Amino acid sequence: MTDAILPNGCKANGTVENGYFKKGCNPLAQTGRSKLQNQRATLNQQIIKQMRMRAGAENLLRASSNNKVRESVLLELSFVNSNLQLLMEQLEGLNSSVEVYQNVQESASIPLIPLGLKETKDVDYSVPFKDFLLEHYSEDGHDFQEEISDLMDQRQACRTPSRSEEGIDLLAGYFSQLALLESRFFSPNRQIGIFFTWYDTFTGVPVCQQNISLERASVLFNMGALYTQIATRCHRQSSSGLQEAISALQRAAGVLHHLKETFTHTPSYDMSPAMLSMLVRMILAQAQECLFEKIALPGIRNLFLSLLKMAQETAKVSEMYDHVHQSMIQTPIKDNVPFFWSTMAQVKSSHYRSLAHYFTATALMDHEVNPSDDEDQQEKAFSQMYDAMPDAHPPLDILKNTKERQRIGKAHLRRAILEHEEALRIYSLCRELRRLDILGDILQATLKRSLAKFALHEDEDEFTDYMEAPDINSKTEQKAEMEVPGSTKGPLSVFSAKQRWTAPRTIRLRPEDRDIGFTLKGDGPVQIQSLDPLCPAAADGLREGDYLVGVGEVDCKWSSVTEVTRLLRDVDESGVDIRVVSMMDTSQPLPPKSATYCGGLPKTYSMICLAFNDEDKNPKSRKVTKKMSFLSWGLKNKSASTLSLPTADHSASGLPWQRPCPAFPSSYNDSALY
C-alpha cells in the first residue's frame, strides 16, 4: 500500500484503534461538518427511493385504463411528490447551514457561504480491471491486486476528505490517477462495465454513467467545494487568517472555472456552465470581501483620503454581490439555489453599499481643506467618486465650500441609513438568516452608528433642502482573481495532445552582474517573461513566452517558480545550459468541440486528437509500447508521465453529455440519469 496511509488514524482528528486512514481523510471524525455530510448522504438515498416510487407510479398510470386503479395511483403519486418536496427542502436547509463551517473563534465577521461536497456510490474496480488486464495486456490481473486495492482505498478516502491541505492533496492525487486510468483502461471502442454514480449537491438527483469524465469532473467540483470550506474555517480577525481565506477562495474559483472550461457537457446541473459561472462569481465576491477586511483590519484612519478609499473599496464589494444576486435570480438557477444564498447576497450588497455612503459622508462632513493639505490630490480623489459631480459643481469648489460639503454629506448619510434598513428588512425575511445572530448584530450596530451620526448633524432645514446622494464608483487596489492550483494545471494541461511544440532548444545562460535578463511566471512549468532583448540569452535564441523545461541536468517540467529560481540563483559567470520549448501555431484544423460517437459509443475530444495526430501511422503502433509503461500507477517518473499523457487535459473538449439533467426528471428511468 502507499506510504500516504497512516496507522491508527490521523493525528489532527484523534486516533482509531486497529484502523488505517489515508493522509487527509478520517471517515470517523465526529465534527459538525461530517455529520452534515452524513445527513446529505442519507437524504440522497431517500430522494432516490422516492424517485423510483414515482417512476413506478407513472409507469402504472400510463399502462392502466381502470379508473379505480388510476385514482389510487394518482393519490400515491401526489403523496410521493409531497415527500420529494419535503426532502428537497431538507437538502436546501443543509446547504443553508453555514454556521457549522465557520471558525469557532469568529465573533465579528459576517459568515461566508461554503459549498457542500458531492456524494457518490462505491465503485469496484477489481473485476473489470483484472479482466481488461488479461484481455488487453495479456497480464494476470491478480498480480496487480495490491495496486487496484490501493486505488479503491484512495477513492473511498476521497469521499471524506479532511478540511485541510492534506484533504486537497488527497483529491488532487486521485484526480491525477484518473487521467492515467483513462488512457490505460477506458478504451474508446468498448465499455468495461464500471458505473460512476454522483449526486447533485443542490437537488440530490443521481447521475450514473460509464464515462470516467463524470468521475473526474465530480472530483474537481469537490476540490473547489473543499477550498471554500477551508476558507470559512480561517480565523478572519488576523492578517494571516484572512490571507489564507483569500488564497483558498481564489483557488476555489480557479478550480470551478477550470471545471467549467474543461468539462462543458456535464449531465449534473450543479456542474452546468450557468451554475458554475454563478458559483465562481459568488466565491470571488467573498474573496473581495475578505480583501476589504484585510485592508480594514489595522483600523480605518479618520483621514479624508483614507475614508474615500474605503468608500470605493466597499462599493466594489457591494457591486460584486449585486452581480451575484442578479445571477442567482435568473431561471433556472433560482429554482435550485437555496433561498438563503440569494438573500445573503442581497443583504451583503445593501450592507456594503451603506458602508460606502457612510464613509463618504464622514469624509465630507468631518474634514475640511486645510492650507497644509494637498488640494490637487484631494480634488483628484474626490473627482473619481462619481460619474458626475452633484449639481455639476467642480470638485474643488465643493471641497472648499463647507456648506456644500455638509449638504452632500447629509445626503450620503441618509442613503446609508436607507441601505442599512433595507439590509435588515431582507435579513428578517429569511428564517436561516435570522439564525445567524452575528449577522444581525453587525447590521444593527452599523445602523445605530449611522443614526447617531445623523442625529449630530440634524437641523430644521433637513426637509427643505433635500438632495439624493449619487452612486459611488467602485474601485479597488487589489482585485480578487481566480487562481488555478498546480494540481489542475501544469504539465498535465500544458503538455497535452492539443498543443504543438518545438523541439527542446539549448540556451547558454550567462548572468551579467547577477542579472539573467528575464523573469519567470507560472508554476510547473514556468514561463519566460519580461525578456531583455539585449541580454545574451535573447541573442542566443531565447524568446518571450518560452517554457523552461530543464536547467543543466535537472528536468524542470514539474518545478515551481521557487524551485527554478533556486537553481538559477547560484549560476556563476561561466553560465549554465537551459532547455526551453516554444508553442507552435497549428495550421491543421482540429475536430469540432462537440462530442462524437463511434460505433454507438461516446468518444471524447482527447481521443479524437489522438486519432487525428496518428492518422498517418499504423493504427497498431500504439500497442507496441512496453507493457510496464501502461501499468505504471503513480507519477513517480514525472518527466516520463508528461510525455505519455496526451489525454490529461480536455480544455478544448466537448464531453459526450448532450442532454441536460433537469432539477426533477419526469421519470427516474430518464436517460439523463441512467
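Below, the structure is looked at part by part.

Quick notes on the rules
Residues numbered from 1 in each chain as written. Predicted model: local features only at pLDDT ≥ 70, side-chain atom pairs only at ≥ 80, totals over all residues. Heavy atoms only, no water. Helix = DSSP H or I, 4+ residues; strand = E, 2+ residues; numbered from the N terminus. Buried < 20%, exposed > 50% of the residue type's maximum accessible area, 1.4 Å probe, protein only. Areas by Shrake-Rupley, 256 points an atom, 1.4 Å probe, with all protein chains shown as cover. Pairing = 2+ DSSP bridges. Axes fitted to C-alpha atoms, helices over the stretch in contact; angles between N-to-C directions. Parallel < 35°, antiparallel > 145°, perpendicular 65-115°, else oblique. Left-handed = near helix turned anticlockwise from the far one by under 90°. Contact = heavy atoms within 4.5 Å. Nonpolar A, V, L, I, M, F, W, Y, C, P; charged D, E, K, R; others polar. Salt bridge = Lys/Arg side-chain N within 4 Å of Asp/Glu carboxyl O. Patch = residues over 30% accessible without salt bridge, like charges linked within 9 Å, V, L, I, M, F, W, Y side chains within 5 Å. Lys, Arg positive; Asp, Glu negative; His and termini not counted. Charge placed at Lys NZ, Arg CZ, Asp CG, Glu CD. Core = buried A, V, L, I, M, F, W, Y, C linked by side-chain atoms within 4.5 Å. Domains from an automatic or database assignment. Phe/Tyr/Trp six-rings, centres within 6.5 Å; stacked < 30°, edge-to-face > 60°. Lys NZ or Arg CZ within 6 Å of the ring centre and 35° of its normal.

1. Structural notes on the overall build of the chain
Secondary structure assignment for the chain yields 21 helices and 14 strands. Relative to its 674 residues, the chain shows a buried fraction of 53%. Carbon and sulfur atoms provide 50% of the accessible area of the chain, an area that totals close to 31,600 Å².

2. Considering the pairing of strand E6 (residues 505-509)
Of the two faces of E6, only one is covered, namely that formed by Arg505, Ile507 and Leu509; the face formed by Thr506 and Arg508 stays uncovered. Sheet analysis places E6 next to strand E11 (residues 576-581), joined by five bridges and oriented antiparallel. Bridging from a neighbouring strand, Thr506 pairs with Arg579 of E11.

3. Considering the packing of helix H9 (residues 304-328) against helix H11 (residues 375-383)
Where H9 contacts H11, the axes come no closer than 10 Å and their chain directions differ by 15 degrees. When the axis of H9 is compared with that of H11, the two are roughly parallel. Seen from above, H9 lies across H11 with left-handed handedness. On H11, the residues touching Phe304, Leu305 and Leu308 of H9 are Gln377, Gln378, Ala381 and Phe382.

4. A look at the packing of helix H10 (residues 339-365) against helix H15 (residues 437-456)
As a packed pair, H10 and H15 sit with axes 11 Å apart at the nearest point and diverge in direction by 25 degrees. Judged on the interaxial angle alone, H15 and H10 are roughly parallel. Remark: the crossing between H10 and H15 carries left-handed chirality. Two secondary-structure elements touch here, H10 through Met344, Val347, His351, Leu355, Tyr358 and Thr362 and H15 through Leu439, Ile442, Leu443, Thr446, Arg449, Ser450 and Lys453. Across the contact of H10 with H15, the residue classes tally to seven nonpolar, four polar and two charged.

5. A short note on the pattern of salt bridges
Applying the stated rule across the entire model yields 22 salt bridges. The closest approach of N and O atoms between Arg159 and Asp122, which form a salt bridge, is 2.3 Å. A residue pair is termed long-range when its members are at least 10 positions apart, and Arg159 in the loop between helix H4 (145-157) and helix H5 (165-185) and Asp122 in the loop between helix H2 (67-95) and helix H3 (126-136) qualify at 37 residues. With its nearest N and O atoms 3.5 Å apart, the salt bridge here joins Arg431 to Glu432. Its relative accessible area of 52% is what places Arg431 among the exposed residues. Glu432 gets classed as buried once you look at its relative accessible area, which sits at 17%. Several salt bridges converge on common partners, so that one network encompasses Arg353, Arg415, Glu419 and Asp471.

6. Notes on a negative patch on the surface
A surface patch of negative charge is lined by Glu512, Asp513, Asp515, Asp532, Asp572 and Glu573. Residue placement: Asp572 occurs in the loop between helix H18 (561-569) and E11.

7. So, the nonpolar core
Counting 128 residues, the largest nonpolar core has Tyr125, Phe129, Leu279, Trp341 and Phe382 as the members making the most contacts within it. Each of domain 2 (101-298) and domain 3 (300-485) gives at least three residues to this core. Here Tyr125 is in contact with Ile148, Leu151, Met152, Arg155, Tyr174, Leu178, Ile194, Phe196 and Glu215, once residues within four sequence places are set aside.

8. Topic: the environment of Gln444
One can find Gln444 in helix H15. In sequence terms Gln444 and Leu424 are 20 residues apart; their C-alpha atoms lie 7.7 Å from each other.

9. Here's the deal with the packing of aromatic side chains
Throughout the structure, instances matching the rule amount to eleven aromatic pairs. For the ring pair Phe132 and Phe185, a centre distance of 5.7 Å and an interplane angle of 55 degrees mean the geometry is tilted. Of this pair, Phe132 sits in helix H3 while Phe185 sits in helix H5; the two residues are 53 residues apart in sequence, bridging distant segments of the chain. Phe185 sits in the buried class, given a relative accessible area of 2%. On the numbers, 6.2 Å between centres and 35 degrees between planes, the contact of Phe186 with Phe196 is tilted. Of this pair, Phe186 sits in the loop between H5 and strand E3 (196-199) while Phe196 sits in strand E3, and the two are ten residues apart along the sequence. Take Phe186 and Phe196: they sit in the same class, and that class is buried. An aromatic cluster is present here, built from Tyr125, Phe129, Phe132, Tyr137, Phe185, Phe186 and Phe196 joined pairwise through their rings. We note Lys118 situated over the ring of Phe221; from NZ or CZ to the ring centre the distance is 5.8 Å.

Honestly, it's all geometry; don't read function into it.
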